[in-house]
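Residues per chain, in single letters:
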Amino acid sequence: MTTSALLSPFDLRGLPLKNRIVMSPLTRSRAGRERLPNALMAEYYAQRVAAGLIITEATVVSQQGIGWLNSPGIYTDEQSLAWKKVVEAVHAKGTPIFLQLWHCGRASHSSFHEQEGLPVAPSALKLQGDYIHTPTGNQPYETPRALETDELPLIVEDYRRAASRALTAGFDGVEIHSANGYLLDQFLQSKTNQRTDRYGGSLENRYRFLDEIVGAVLSVLPASRVGVHISPNGIFNDMGSPDYRETFLYVAGRLDHYGLAYLHVIDGLEFGFHELGTPMKLAEFRQVFKGPLMGNCGYTRETAAAAIEQHYADLIAFGRPFISNPDLVERFAHGWPLNPLADQKVWYSFGEVGYTDFPMYKVSEH
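What you see is a predicted model, and the numbers here were worked out from it, not measured in a lab.

### Observations concerning the side chain of Asp327
Then, in step 1: Secondary-structure assignment places Asp327 in the loop between helix H10 (320–324) and helix H11 (328–334).
Then, in step 2: Given the relative accessible area of 5%, Asp327 is considered buried.
Then, in step 3: Setting aside residues up to four positions removed in sequence, Asp327 forms contacts with Pro359, Met360 and Tyr361.

Set out below in structure tokens:
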């Protein structure tokens, strides 16, 4: 198996990518308490510009959406201006970059947003997990407050404003985070959505909130610059619904009508699998989504190349390998060994250690 397909250029609906390797969104907690992108973050992303496309770490669209220590935001003009430094550093090397838009929903805690109170969710169903890292230390998850029907347009507007600020910051596009048990995934899945209004019950109703957010973002950006991220197999944040296959094929089919930049599917099982049936594969999504497909989670150089050669995927996103290998693309291209995976303790630390200090491969030393 060669890597030629993985390293070949790709036209992403008019946006030229130099290869099919995407830097996956990776929450790294370096934005400080102010949630402002900074010079260290610009250096980190600039180190990884050999990727065909970079998708930023998940970035909250509102204070209500916060659920992670020191993650960046895009809900103020100051944050938008700060993101410009990152975008410019990446664009200087000729690489496009999308901003991932995020709302944590019930995967949050009131100490992140004391004025807003309890985390919000489609239904008042507590996330079953050990604890959440909060500004006041590790805390048990709280039972979220179910959003009122008339509150949902306000969140839709948060996404529209976030997309507008992303455009002002110079991003090439945005990715709507509808995966991994965060708010939009909570609305899609029957396990977490037990509403009786027009946002709950049927597949169409559970999809409605995501559809409205996509529509709002498309009022700012063309469809060719908007991606959506889903995780049909995952258990992260206490997810997994018995009707997962029906749900996600429906969602993909509906999204296909927009002509989006791509559909980003976590098809790998490295985050765990709910075991409610057989895992969903990219081949299934090819049947209902005709646009660019991006696979993610646990791919190797060889399996990524195979997925593209077999036309299951157009792009493959790599996460953890990019943490400890800023020159991942070059290592793949030359068959060089990878650095060991970084210790998880440094993934979410707040400084340069375990962030910008991983060595590039040096041929002369080998």
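Once the structure has been displayed, the description carries forward.
### Here we look at the pattern of salt bridges
Then, in step 1: All told, the structure shown has 14 salt bridges when counted by the stated rule.
Then, in step 2: Of the charged contacts in the structure, one is a salt bridge between Arg198 and Glu212, with a shortest N-O distance of 3.9 Å. Of this pair, Arg198 sits in the loop between helix H5 (183–188) and helix H6 (203–218) while Glu212 sits in helix H6; the two residues are 14 residues apart in sequence, bridging distant segments of the chain.
Then, in step 3: Of the residues examined, Arg198 reaches a relative accessible area of 44% and is grouped as partly exposed.
Then, in step 4: For Arg206, the salt bridge identified is with Asp243, shortest N-O distance 2.9 Å. Residue Arg206 is located in helix H6, and its partner Asp243 is located in the loop between strand E11 (226–230) and helix H7 (244–256); the two are separated by 37 residues in the primary sequence.

### Considering the environment of Lys84
Then, in step 1: Relative to the assigned elements, Lys84 resides in helix H3 (residues 77–91).
Then, in step 2: When the C-alpha atoms of Lys84 and Thr27 are compared, they prove to be 19 Å apart, with 57 residues separating the residues in sequence.
Then, in step 3: Those residues in contact with Lys84 that lie beyond four places of it in its chain are Thr168 and Ala169.

### Focus: the sheet that holds strand E13 (residues 293–296)
Then, in step 1: Taken in spatial order, the 8 strands close into a barrel running E3-E4-E5-E10-E11-E12-E13-E14, and their pairing is parallel. Put simply, the sheet's adjacent strands are angled 25 degrees from each other on average, direction ignored.
Then, in step 2: When strand E10 (residues 173–177) meets E11, the two strands line up parallel, connected through 4 bridges. Along E11, the bridge assignment pairs Glu175 with Gly227.

### Side note on the nonpolar core
Then, in step 1: Core analysis: the largest hydrophobic core is formed by 84 residues, its most contacted members being Ile176, Phe209, Val217 and Leu263.
Then, in step 2: With 8 residues, helix H4 (residues 152–169) is the single largest residue contributor to this core.
Then, in step 3: Leaving out residues up to four positions away in the same chain, Val217 has contacts with Leu101, Tyr159, Ala163, Val174, Ile176 and Val226.
Then, in step 4: Leu12, Leu15, Met294 and Leu315 belong to the second largest nonpolar core, which has 13 residues in total.

Cut-offs and rules
Residues numbered from 1 in each chain as written. Predicted model: local features only at pLDDT ≥ 70, side-chain atom pairs only at ≥ 80, totals over all residues. Heavy atoms only, no water. Helix = DSSP H or I, 4+ residues; strand = E, 2+ residues; numbered from the N terminus. Buried < 20%, exposed > 50% of the residue type's maximum accessible area, 1.4 Å probe, protein only. Contact = heavy atoms within 4.5 Å. Salt bridge = Lys/Arg side-chain N within 4 Å of Asp/Glu carboxyl O. Pairing = 2+ DSSP bridges. Axes fitted to C-alpha atoms, helices over the stretch in contact; angles between N-to-C directions. Core = buried A, V, L, I, M, F, W, Y, C linked by side-chain atoms within 4.5 Å.

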